[in-house]
Structures are given as structure tokens and as C-alpha cells.
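# A structural walkthrough
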Amino acid sequence: MATVFITGSNRGIGLELVRALQGRGDRVIATCRSASDALRATGATVVEGIDVSVDACIPRLREALGDGAPDIVICNAGVLSAETLGDIDWDAMRRQFEVNTLGPLRVAEAVLPSMQRGGKFVIITSRMGSVEDNTSGGMYGYRVSKAGVNMVGRSLAHDVADRGIAVQLLHPGYVRTDMTKGNGLIDPDESAATLIARIDELTEEHSGTFRHQNGEMLPW
Ligand SMILES: NC(=O)c1ccc[n+]([C@@H]2O[C@H](COP(=O)([O-])OP(=O)(O)OC[C@H]3O[C@@H](n4cnc5c(N)ncnc54)[C@H](OP(=O)(O)O)[C@@H]3O)[C@@H](O)[C@H]2O)c1
């Protein structure tokens, strides 16, 4: 039984990760800004008031951990707004950077000191953050913020390598959630199941890689 710590767990992919992990017997600490009934029904330990876009989440996350050491941390919280050239919403750009890029780094600051050898630190990123895979343009804030978090993850992988902690950047697929307004190729439960399979497979050897939930390695 692993202790798993998840951000943004009240809906979408995060909620399905909680359901699946809790369902297989892991001990899940599900953090969110505000809990949903669906999250409460999972039986996970719910910690509300965790907004990853503010520095104050760091002491709150440490408090939520208490003396415990998570085996797996999943930074799932994210936001998307679609900027188009000529009509950039600068506040939305900054917001995506705060949540998508700095959010996982804040979580790392809070939880990595207590993680043990064999621990796994996972960031749910997006292939939209791949420079090489960008064949359609636009989406400035989301693309930049996810490219940024890819770099955060790669640096973390180097920084915790000597402690035997593996870091991975995972793309969850194109998933039917609020973020995509219900569009997508797969449902959140399928995404969660395959993300968990990738996390189970993760070893130190593959730390610092960027991978699709279907198993493909993605280009930076
Ligand atoms: N859906 C896709 O096709 C897709 C593709 C690639 C990557 N992703 C990534 O997958 C992750 C989950 O996305 P999703 O599709 O499940 O989106 P979603 O349904 O919109 O859920 C987003 C989650 O992030 C939380 N969140 C947003 N801002 C937050 C903040 N400041 N602090 C803490 N939590 C916050 C939300 O909580 P609130 O209810 O409090 O807002 C919600 O739990 C994101 O990182 C996203 O970028 C999704």
C-alpha cells in the first residue's frame, strides 16, 4: 500500500486518479481548493484549501503531510485558457504560469524533503508543452506554462537523483473534462488508469523523461 499525494483532486483526471488509487487500496491524500461530493465519496483523506498558485500552499502542504512521507506525489492541478495572437489576455498568461509551472515547483518544495528513496514525483503536463510537437501554434499561455513545467521536472530529476527519487512528466491524453469542454478521445477514468500504469512502471532509470499515457516517449 502506497501513500499517494495528489493536487487538483476534486474533479476531472485528478478525481479519477483518487478513485482508482483508493480503489486498489492505496492511502490517498487528496488535496484541492474545495472538495466536491464526488471526492468525499471516494473515502480518501481530503485536504481542502490547497491553492497551488500561491506560495502559502507550501506550509499548508507540509502541514497536510504531517510526519508522513508520501511514496508517490502527483501534481495534477492545472488551468487552460486559449489566447490568440492580437488578443492576448496577459492576466490569463500569468495565471497559467502560476498554476501550471510554479504550482508543481511549490509542491516539490513542500514534499520532496520528506520523500524517501524509491519515491516517485509525477507532474501531469501536456504534449502542448512540447516545442517539437507544436505544429499548430496559438495557446500561448498553456503551451509556455507546460513547456516551463517540463523544464521544472527535468531539473528536479537531476536534483533528487542522488536520493533515489524518480521524477516523470506525463501527458494524460486528450481527455473529456471541463478543461476541454467535454471534448477528447478518452474519458478521465481511462486516462487515470493508464497514468497509474505508467507511474507503476517508473524507475530511476527513466527519471526526467516526458511520456504519453499510452507509453510513447514524447519529444521536448
Ligand atoms: N483534459 C485534457 O485533455 C488534458 C490534456 C493534457 C493535459 N491535461 C492536464 O491534466 C491536468 C488535469 O486536467 P483536467 O483535464 O482534469 O482539468 P479540469 O477538469 O479542468 O480540472 C482541473 C483541476 O485543477 C484544479 N485547479 C485549478 N487551479 C488550481 C489551483 N490554483 N490550485 C489547486 N487546484 C487547481 C481544479 O480545481 P478547482 O475545481 O478548484 O478549479 C481541478 O481539480 C491539468 O494539469 C491539465 O493541464 C489535461
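Quick caveat, the model's predicted, so the values are computed rather than measured.

Moving on, we come to the overall build of the protein chain. Tallying secondary structure elements over the protein chain gives six helices and seven strands in all. Listed N to C, the secondary structure of the protein chain is β-α-β-α-β-α-β-α-β-α-β-α-β in terms of helices and strands. Its C-alpha atoms give the protein chain a radius of gyration of 16 Å, near enough to 17 Å, the size a compact globule of 220 residues would have. Its C-alpha atoms put the protein chain at 50 × 40 × 35 Å along the principal axes. The burial tally for the protein chain puts 42% of its 220 residues in the buried class. Pairs at least 24 residues apart make up 64% of the contacts formed inside the protein chain by residues separated by at least 6 positions.

Our next topic: the sheet that holds strand 1 (residues 3-6). Strand order in the open sheet made by the seven strands is 3-2-1-4-5-6-7, with parallel pairing throughout. Two strands lie at the open edges of the sheet, namely strand 3 (45-47) and strand 7 (209-212), each paired on one side alone. Going across the sheet, the axis of each strand differs from the next one's by a mean of 20 degrees, ignoring polarity. Strand direction decides the pairing type here: strand 6 (residues 166-171) and strand 7, joined by four bridges, are parallel. Bridge pairing in strand 7 links glutamine 168 to threonine 209. The strands touched by helix 4 (residues 90-111) are strand 1, strand 4 (72-75) and strand 5 (120-124); relative to strand 4, the strand with the most contacts, the crossing angle is about 160 degrees.

So, on to helix 5 (residues 140-160). Helix length check: helix 5, at 21 residues, gives a terminal C-alpha distance of 30 Å against a target of 30 Å (1.5 Å per residue), a fit within 8%. Looking at helix 5, one finds that the buried residues are Gly141, Tyr142, Arg143, Ser145, Lys146, Val149, Asn150, Val152, Gly153, Leu156, Ala157 and Val160. Residues of helix 5 that are buried make contact with helix 4, strand 5, strand 6 and strand 7.

Taking 1.5 Å of rise per residue, 12 residues should cover 16 Å, and helix 1 (residues 12-23) covers 17 Å from first to last C-alpha, within 8% of that figure. Among the 12 residues of helix 1, nine are classified as buried, and the element is accordingly described as predominantly covered. Buried-residue contacts for helix 1 involve strand 1, strand 2 (27-31), helix 2 (37-40), strand 4, strand 5 and helix 6 (188-201). Glycine 25 sits one or two positions beyond helix 1 and adopts a positive phi of about 100 degrees.

Quick look at unusual backbone geometry now. Phi is positive for methionine 139, close to 50 degrees, though the residue is something other than glycine. With respect to the element layout, methionine 139 can be found in the loop between strand 5 and helix 5. The class of methionine 139 is buried, set by 20 C-beta atoms lying within 10 Å. Although it is not a glycine, lysine 181 adopts a positive phi angle of roughly 55 degrees. Considering the arrangement of structural elements, one finds lysine 181 in the loop between strand 6 and helix 6.

With their axes 8 Å apart at the nearest point, helix 4 and helix 5 run at an angle of 15 degrees to one another. The angle between helix 4 and helix 5 places the two elements in the roughly parallel class. Between helix 4 and helix 5 lies a crossing whose hand is right-handed. Where helix 4 approaches helix 5, its residues Ala92, Met93, Gln96, Phe97, Asn100, Thr101, Pro104, Leu105 and Ala108 are matched on the opposing element by Tyr140, Gly141, Tyr142, Ser145, Lys146, Gly148, Val149, Val152 and Leu156. A breakdown of the residues in the contact of helix 4 with helix 5 according to their chemical character gives 11 nonpolar, six polar and one charged.

With four of its five residues buried, strand 2 lies for the most part within the structure. Examined bridge by bridge, strand 1 and strand 2 share four bridges and lie parallel to one another. Bridging across to strand 2, threonine 3 finds its partner in arginine 27. In this fold, the crossover linking strand 1 to strand 2 by way of helix 1 has right-handed handedness. Pairing analysis gives three bridges linking strand 2 to strand 3, with the strands arranged parallel. Among the inter-strand pairings, alanine 30 is bridged to a residue of strand 3, identified as valine 46.

What counts and how
Residues numbered from 1 in each chain as written. Predicted model: local features only at pLDDT ≥ 70, side-chain atom pairs only at ≥ 80, totals over all residues. Helix = DSSP H or I, 4+ residues; strand = E, 2+ residues; numbered from the N terminus. Rg over C-alpha atoms; globule rule 2.2 N^0.38 Å. Buried ≥ 20, exposed ≤ 12 C-beta atoms within 10 Å, placed from the backbone. Contact = placed C-beta atoms within 7 Å. Pairing = 2+ DSSP bridges. Axes fitted to C-alpha atoms, helices over the stretch in contact; angles between N-to-C directions. Expected span 1.5 Å × (residues − 1). Parallel < 35°, antiparallel > 145°, perpendicular 65-115°, else oblique. Left-handed = near helix turned anticlockwise from the far one by under 90°. Nonpolar A, V, L, I, M, F, W, Y, C, P; charged D, E, K, R; others polar. Right-handed = clockwise from strand over helix to strand, strands pointing away.

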